[in-house]
Amino acid sequence: MFDPSLALAGLLVGFLVGLTGMGGGALLTPLLVLVFKVNPLTAISSDLLTSLVMKPVGAAVHARRRTVHWRLTGWLVLGAVPAGFAGAVVIGMIGKGVGVEDRLKVFIGIALVASVLTTLFRQVMDRRGSRNAVDVDAPVDVRPLRTVLIGVVGGLAVGMTSVGAGSLIIAMLLLAYPQLHPSRLVGTDIVQAIPLVAAATVGHLFFGDVQFGLAAALLVGALPGVWFGARLSSGGTGRLIKPVVTAVLLASALALLGVPGPWVLVATATALVVTVVLLPRRRPAVAEPERVPEPVGARD
């Protein structure tokens, strides 16, 4: 039976993903587990299927704008695809044991904490502003082994928790390739995430617990949500909302890890303040020089 509350949750998550560029897995999986009381393995499996449908929307935009480094993408996929499938197999076997729900919550919580930390790290780098001065078409010296290892680590995280495609991999790419322009960093990550999430989804179809009705209800809201959020993202609203979302992610992570409520509130408030402080500065617009009218007959 169709559940409107799930569609509403999908709408909210899709909107925030489109508005802020944050990964859907970090938002949707804890929401399903903590609010809707969905089994963690079911939440991970169904979230991956939902993400697989949403990912091509953003990827098509970046491919059209030519902000994808295709060689880098290829090496990432080489490591991420088998790792994503393997992660799904591992978590599927663990998740079908007796009394393992708490263990899966810990896995998701750890992944969310890592996601928050990498988000803060990325804001520090963006605030420094050095990457924004890089030419979008500047050549990048691709290191195959390093890139494949990034794909492996990110793929395992996504396959096991559905978290990491939009946070962990971007942070590792930022460390490995600081000369990569921000738009190409995001575009490359989104495109490589399609085969990664596809491989992880296939693994969960065999070894996980994909609920097609759950995924369908989420997509009813998520697809228009991500489209509408992306339409508003250029207005700067996402920049203001991102600190709140980051704080909520940390609160979700700590709740999944069983941290007492008062400490969750303290940590969440701290994360909110730190994220606001680390917001990248807006560069003042450079006014065009005023044109002085030429004297009559100056061109004669």
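Scoring rules and cut-offs
- Residues numbered from 1 in each chain as written.
- Predicted model: local features only at pLDDT ≥ 70, side-chain atom pairs only at ≥ 80, totals over all residues.
- Heavy atoms only, no water.
- Helix = DSSP H or I, 4+ residues; strand = E, 2+ residues; numbered from the N terminus.
- Contact = heavy atoms within 4.5 Å.
- Areas by Shrake-Rupley, 256 points an atom, 1.4 Å probe, with all protein chains shown as cover.
- Axes fitted to C-alpha atoms, helices over the stretch in contact; angles between N-to-C directions.
- Parallel < 35°, antiparallel > 145°, perpendicular 65-115°, else oblique.
- Left-handed = near helix turned anticlockwise from the far one by under 90°.
- Nonpolar A, V, L, I, M, F, W, Y, C, P; charged D, E, K, R; others polar.
- Salt bridge = Lys/Arg side-chain N within 4 Å of Asp/Glu carboxyl O.
- Buried < 20%, exposed > 50% of the residue type's maximum accessible area, 1.4 Å probe, protein only.
- Patch = residues over 30% accessible without salt bridge, like charges linked within 9 Å, V, L, I, M, F, W, Y side chains within 5 Å.

(A) Broad picture of the overall build of the chain. Regarding its fold elements, the chain presents 11 helices and zero strands. Shown N-terminal to C-terminal, the secondary structure of the chain runs as helices and strands in the order α-α-α-α-α-α-α-α-α-α-α. Across the chain, every contact between residues at least 6 apart in sequence was considered, and the portion connecting residues at least 24 apart equals 85%. Accessible surface computed for the chain: about 14,700 Å², of which carbon and sulfur atoms make up 68%.

(B) Up close: the packing of helix α1 (residues 4–20) against helix α2 (residues 24–34). Between α1 and α2, the least distance of the axes is 9 Å, while the angle of their chain directions is 155°. Comparing their axes, α2 and α1 come out roughly antiparallel. The way α1 lies across α2 gives a crossing that is right-handed. Along the contact surface, α1 presents Leu-6, Ala-9, Val-13, Leu-16 and Val-17, while α2 presents Gly-24, Leu-27, Leu-28, Leu-31 and Leu-32. The class makeup of the residues in the contact of α1 with α2 is nine nonpolar, one polar and no charged.

(C) Summary view of the pattern of salt bridges. Counted under the stated rule, the structure contains one salt bridge. Measuring nitrogen to oxygen at the nearest pair gives 3.2 Å for the salt bridge that ties Asp-141 to Arg-143. Given a relative accessible area of 39%, Arg-143 falls into the partly exposed group.

(D) Region of interest: the packing of helix α3 (residues 40–64) against helix α8 (residues 182–207). Remark: α3 packs on α8, axes separated minimally by 8 Å, with the N-to-C direction vectors making an angle of 145°. For the crossing formed where α3 meets α8, the hand is left-handed. Every residue of α8 that contacts α3 at Leu-41, Ile-44, Ser-45, Leu-48, Leu-49, Ser-51, Leu-52, Lys-55, Pro-56, Gly-58, Ala-59 and His-62 is listed here: Ser-183, Val-186, Gly-187, Ile-190, Val-191, Ala-193, Ile-194, Val-197, Ala-198, Ala-200, Thr-201 and His-204. In the contact of α3 with α8, the residues fall into 15 nonpolar, eight polar and one charged.

(E) Layout of a nonpolar patch on the surface. A contiguous nonpolar patch, built from Phe-85, Val-202, Leu-205, Phe-206, Phe-207 and Phe-212 and spanning about 590 Å² of accessible area, is present on the exposed surface. Element by element, the count of residues in the nonpolar patch is highest for α8, at four residues. Take Phe-207: it is sitting in helix α8.

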